[in-house]
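Residues per chain, in single letters:
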Amino acid sequence: MNDFDLNKYLNNKEELPKLKRFSVLGSTTDYNKKLDYLIKIAEPEEWDQTDYHSGYENSTIFYYIAHTFDRCFFQNKINIDEDENNAFFNTGLMDIQGNEIYGHFTKNKFHNEKDPESNFWYFKGFIKGNEREFITKCINKPEIATYYDDYNELYFDPSLPIELNFDHFYDDNIKRLPLELSSLEKDIAKSVFIGFLEYTKKKIRRNDRIPVPQFYNGKITFLIPVVVFGTKTVIVAIEKINNVYIANTVLTFGMAYNCARLLNKPESNWLLPTKTD
């Protein structure tokens, strides 16, 4: 834990992700090189995906690091030395030998105290816990971010009902629904989708590992795949409220994988990454 107020290091660009408000990342090319290095030294995983819509490379690892930093910031798990020359956070990743990997910040030599848009820190890159530079510059190893207090929060109870407010669900998510569903008249689409959802419920009662936990909007919710017309999958995010699961929104595969990956490496076949769409 720190004695520093981490908020004092944030610039005033509130529209930016917290990582960019906290530090200078460098150019897109430079930061991508740092992410490529992280992918290289971390345990093997399908990180190097390209976002289907934006064309942004390394979208999954970019999302993971940005939101892991957010959580570390929220939990005050960014370690800063007394002289404010170095700062570190735990990425939650390891290399194949089990060495933890950290994000490393150094003081930004171009920081302007009089400019509220200026960043105090510069993101130097990623470093392993067994490297000499880390050992000499980080006295207390930063803890990993945590997302739940009780492991039972990750358990999906298949005995509870799943409720769907179709009007809200359909109107807010129509652009994420497959054309085969969104092109139907609303009443017809409702009847069709509810039928597919009921079938999915039956499958979940027989295999409670189908729902995948995710961290979304600051809480643990679940992802379930609703297969429509035998070929398209609608990924539905559901939230537990008073012993009822409420279907709130639809996520793309890319969004779903990114949110689930914050908790752990998803192992459900239906969510294994191919391309981030």
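Residues numbered from 1 in each chain as written. Predicted model: local features only at pLDDT ≥ 70, side-chain atom pairs only at ≥ 80, totals over all residues. Heavy atoms only, no water.

### Quick word on the packing of aromatic side chains
Line of reasoning, step 1. Within the structure shown, the criterion is met by 28 aromatic pairs.
Line of reasoning, step 2. Pairing F22 with F73 gives two aromatic rings, centres 6.4 Å apart and planes at 80°, and the pair type is edge-to-face. Taken together, the residues span a long stretch of sequence, with F22 in helix α1 (residues 18–22) and F73 in helix α3 (residues 59–74) at a distance of 51 residues.
Line of reasoning, step 3. Residue classification places F73 among the buried positions, given a relative accessible area of 8%.
Line of reasoning, step 4. Judged by centre distance (5.9 Å) and plane angle (85°), the ring pair of Y31 and F62 falls under edge-to-face. With Y31 in helix α2 (residues 28–41) and F62 in helix α3, this residue pair connects regions lying 31 residues apart in the sequence.
Line of reasoning, step 5. For F62, a relative accessible area of 22% corresponds to the partly exposed category. (Phe/Tyr/Trp six-rings, centres within 6.5 Å; stacked < 30°, edge-to-face > 60°. Helix = DSSP H or I, 4+ residues; strand = E, 2+ residues; numbered from the N terminus. Buried < 20%, exposed > 50% of the residue type's maximum accessible area, 1.4 Å probe, protein only.)

### Let's talk about the packing of helix α5 (residues 166–173) against helix α7 (residues 186–206)
Line of reasoning, step 1. Contact geometry for α5 and α7: axes closest at 11 Å, N-to-C directions at 110°. Here α5 lies roughly perpendicular to α7, going by the angle between them. Contact residues: F166, D167, F169, Y170 and D171 in α5; K186, A189, K190 and F193 in α7.
Line of reasoning, step 2. For the contact of α5 with α7, the class distribution of residues is 5 nonpolar, no polar and 4 charged. (Axes fitted to C-alpha atoms, helices over the stretch in contact; angles between N-to-C directions. Parallel < 35°, antiparallel > 145°, perpendicular 65-115°, else oblique. Contact = heavy atoms within 4.5 Å. Nonpolar A, V, L, I, M, F, W, Y, C, P; charged D, E, K, R; others polar.)

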